[in-house]
Structures are given as C-alpha cells and as structure tokens.
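Letter by letter, the chains look like this.
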Amino acid sequence: MALVMNDENQRLQHRRGFISRDLAGIAVIIAIAAIGYFAFPDNLALLTRMITIALLVLSLDLVTGYCGVATLGHAALFGSGAYAAGILSAHYGINDPLLMILAGITGGALAGLLCGVIILRAHGLPQLMLSIALINLFHEFANKASSWTGGSDGLSGIAPDPVFGLFEFDLYGHTAFFFGMALLLIVFVLLRFLVRSPFGMLCHAIKQDPLRIRAMGASPKAALIRMYAISGAVAGVGGALNAISTQVVGLDSLSFTQSAEALVMLVLGGTGSLFGALSGTVIFMLFEDYVSAANPFHWLTMVGALLIVVVLFAPKGLYGTSAAFVGRRREQRS
C-alpha cells in the first residue's frame, strides 16, 4: 500500500513538473512577443512572418525531431495551407479569417497525408530524395494551375474580414500579429499535450526502435502517417496565417529553399523539442534580418559560419545544449 501511494505521489510530482515547465514556457513566449512588439513597433510584419515560419518549424519537428523522418519538402504542407486559404478568399469570396484558417488546416492535413503515404514507403536517403521530388512536384503543379493559383505572378485578391467582425487587418500589422500569437499559443499548447500523449510517446518510440514496436503488435507506418497528417495541419495553420497577413500567396511558399531553411532553424534550436523549434526560428530569422541589413552582399557567409559553430560546439542545438547543461547542473547540486 505504501509503495502504491509512493508511486502515485511521484506521478503527481512528475505531472506538476511538466505543468510548471509548460506554464513557464508559455510565459517566456508571451514575454518575448511583448518585447518584440515594443522593440519593433514599425516592423510587425517581420514578427508575424516569424510566427508563420515558427508554425512550419514546429510541424517539421513533429515528423523529424519526434519521429525521425528525414524530409526536405515540408514546405509542400505549408504552401498547401496557404493556397487553400487564399483560394477560398480570392475565388469563393469566403473571407472570414477563422474559416480561412480551417481551410489551411484541411489543405495542410491532406497534403501531409499524401506526402506521408509516399515518403514513408522509403527509408534513409531514398526518403530524402522522395521529399525533394514532392516539393518540386507541388511547386510545378501550383505554377501550371495558374488559373487557380496565379502561377508565377502569385495569388492576389485575398481580403480577410475583421477577426470576429471587430478587429480589422490594418496596414501596420497589429491585428495580424496578435491573431498570429493567439494561433501560435493555441497550437503550442495542443502540441505539448500531443507529444506527451500515448500516441506521441509511441511515435517517439518508433524513432528509437521501430522493430520492437512492430514486434509489440503496433504499426509504425500507420502511426507515422497520422503524425504526418497532424504535422500538415500545423503547417497549414502557418500557411493560412501567411496568406491572411500578407494577402498574397506566391510560389516561394512551396519552394525547396523554404523547406531547407525550416530544417536549418530546427537544427539550430534543437530537434525533438518544441521549445527548440521556436528558439531556432527566432534566432535564425533575427540573425538573418540583422546581418542581411548590415551586409547585404555577404550575409549568407555569416549565416553559414553561425551554423558551423552551432553544429561543432552545440550538436543538440542552442536550446537543446542549454537545456542539457542546466539539467547536469541540477543533478550535480542534488
């Protein structure tokens, strides 16, 4: 009886520790957003863009960081969500922002399901090649379907209504920024529940030892396809937010470069960690914005140097390495 009570107390303490860390993390995200809002009052478009890309990197972390699926074509999910929301507004006149977000979720999830079914048929390097082929196919399809997507000229005519009929999207980007932060916080909280759920733990175990999971009677491929669809829904939120905030969707949302940069941001912050995905996005985009403005001709060299330093001296990413260091210090003190 005493052992049962002791185990129950340990579980409660474990849950409280998770909740306290989650609350602290959410507080840090809100604090950073507030600092950004007051530090860059004339550049809220950059902060909103940062939120959209953060959603893309979070979605990539679900399949790469937690499931171990190698992909360089994740922008296909982001772009599908952007075009779904943009087409709903430009061609059908449905301009409610929440319905556009829902369209983005649907488009991203369907694209994730399709990509997951194809990519998960291979492993390792062939899997990576399939993802590159898919992003090129999505890009070319959007380019050819110009009557729907605008082709190389981009999809324009997107005119989102005020949020809840009250908050109009202004030129200064205030509404887009706060709308994006609300979406980011909601998605982040839901993903924290997801990665700690039995399904999330199953996906993480598949990354560690898929053969043992198969021997236990579970289907690794079915679980990974479901996670791919969820990842697509998250990326679709980012794509729809990008369409709403910029009121245009271009082919760059389906580019290989977008996919590669998202992977770089994830590695920079640390894979297998939602906080790592967010921190990598913020650090990379701020560094890119500052360096490109200071030296527009050689900024890529500086970005490359930063990545080399991180890979050599912080192989778990900036957040992952910092978290591991803090964990070791706590163990030494205890």
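Because the structure is predicted, anything quoted here is derived from the model rather than measured. (Residues numbered from 1 in each chain as written. Predicted model: local features only at pLDDT ≥ 70, side-chain atom pairs only at ≥ 80, totals over all residues. Heavy atoms only, no water.)

Caption draft 1: Region of interest: the packing of helix α2 (residues 44–65) against helix α11 (residues 256–269). Relative orientation of the contacting elements α2 and α11 amounts to 75°, with a least axis distance of 9 Å. By the angle class used here, α2 and α11 are roughly perpendicular. Judged by residue contacts, Arg49, Ile53, Leu56, Val57, Leu60, Asp61 and Thr64 of α2 engage Gln258, Ala262, Leu263, Met265 and Leu266 from α11. Of the residues belonging to the contact of α2 with α11, the class tally is eight nonpolar, two polar and two charged. (Axes fitted to C-alpha atoms, helices over the stretch in contact; angles between N-to-C directions. Helix = DSSP H or I, 4+ residues; strand = E, 2+ residues; numbered from the N terminus. Parallel < 35°, antiparallel > 145°, perpendicular 65-115°, else oblique. Contact = heavy atoms within 4.5 Å. Nonpolar A, V, L, I, M, F, W, Y, C, P; charged D, E, K, R; others polar.)

Caption draft 2: Representation of the pattern of salt bridges. Evaluated as defined, the whole model comprises two salt bridges. One salt bridge in this structure joins Arg212 and Asp209, with 3.8 Å as the shortest N-O distance. Residue classification places Arg212 among the exposed positions, given a relative accessible area of 56%. Relative accessible area serves as the criterion here: at 29%, Asp209 is assigned to the partly exposed category. (Salt bridge = Lys/Arg side-chain N within 4 Å of Asp/Glu carboxyl O. Buried < 20%, exposed > 50% of the residue type's maximum accessible area, 1.4 Å probe, protein only.)

Caption draft 3: Representation of the environment of Gly116. Along the chain, Gly116 falls in helix α4 (residues 97–119). Since its relative accessible area comes to 0%, Gly116 is described here as buried. Filtering out sequence-adjacent residues up to four positions away, Gly116 remains in contact with Ile225 and Tyr228.

Caption draft 4: Just helix α10 (residues 220–246), in detail. Its 27 residues place the ends of α10 39 Å apart at the C-alpha level, agreeing with the 39 Å of an ideal helix rising 1.5 Å per residue. For α10, the buried fraction is high: 21 of the 27 residues fall into the buried class. (Expected span 1.5 Å × (residues − 1).)

Caption draft 5: Seen up close, the packing of aromatic side chains. Counting across every chain of the model gives eight aromatic pairs. Taking 5.3 Å as the distance between ring centres and 85° as the angle between the ring planes, the aromatic pair formed by Tyr37 and Phe38 counts as edge-to-face. Counting every residue linked through ring pairs, the aromatic cluster contains Tyr37, Phe38, Phe177 and Phe178. (Phe/Tyr/Trp six-rings, centres within 6.5 Å; stacked < 30°, edge-to-face > 60°.)

Caption draft 6: Spatial organisation of the packing of α2 against helix α7 (residues 174–196). Interaxial distance between α2 and α7 falls to 9 Å at its minimum, and their mutual angle equals 20°. Here α2 lies roughly parallel to α7, going by the angle between them. Crossing of α2 against α7: the hand is left-handed. Packed against α2, whose contacting residues are Leu44, Leu47, Thr48, Ile51, Ala54, Leu55, Leu58 and Leu62, the element α7 presents His174, Ala176, Phe177, Gly180, Met181, Leu184, Val187, Leu191, Leu194 and Val195 at the interface. By residue class, the composition of the contact of α2 with α7 is 15 nonpolar, three polar and no charged. (Left-handed = near helix turned anticlockwise from the far one by under 90°.)

Nothing here speaks to function; it is geometry throughout.
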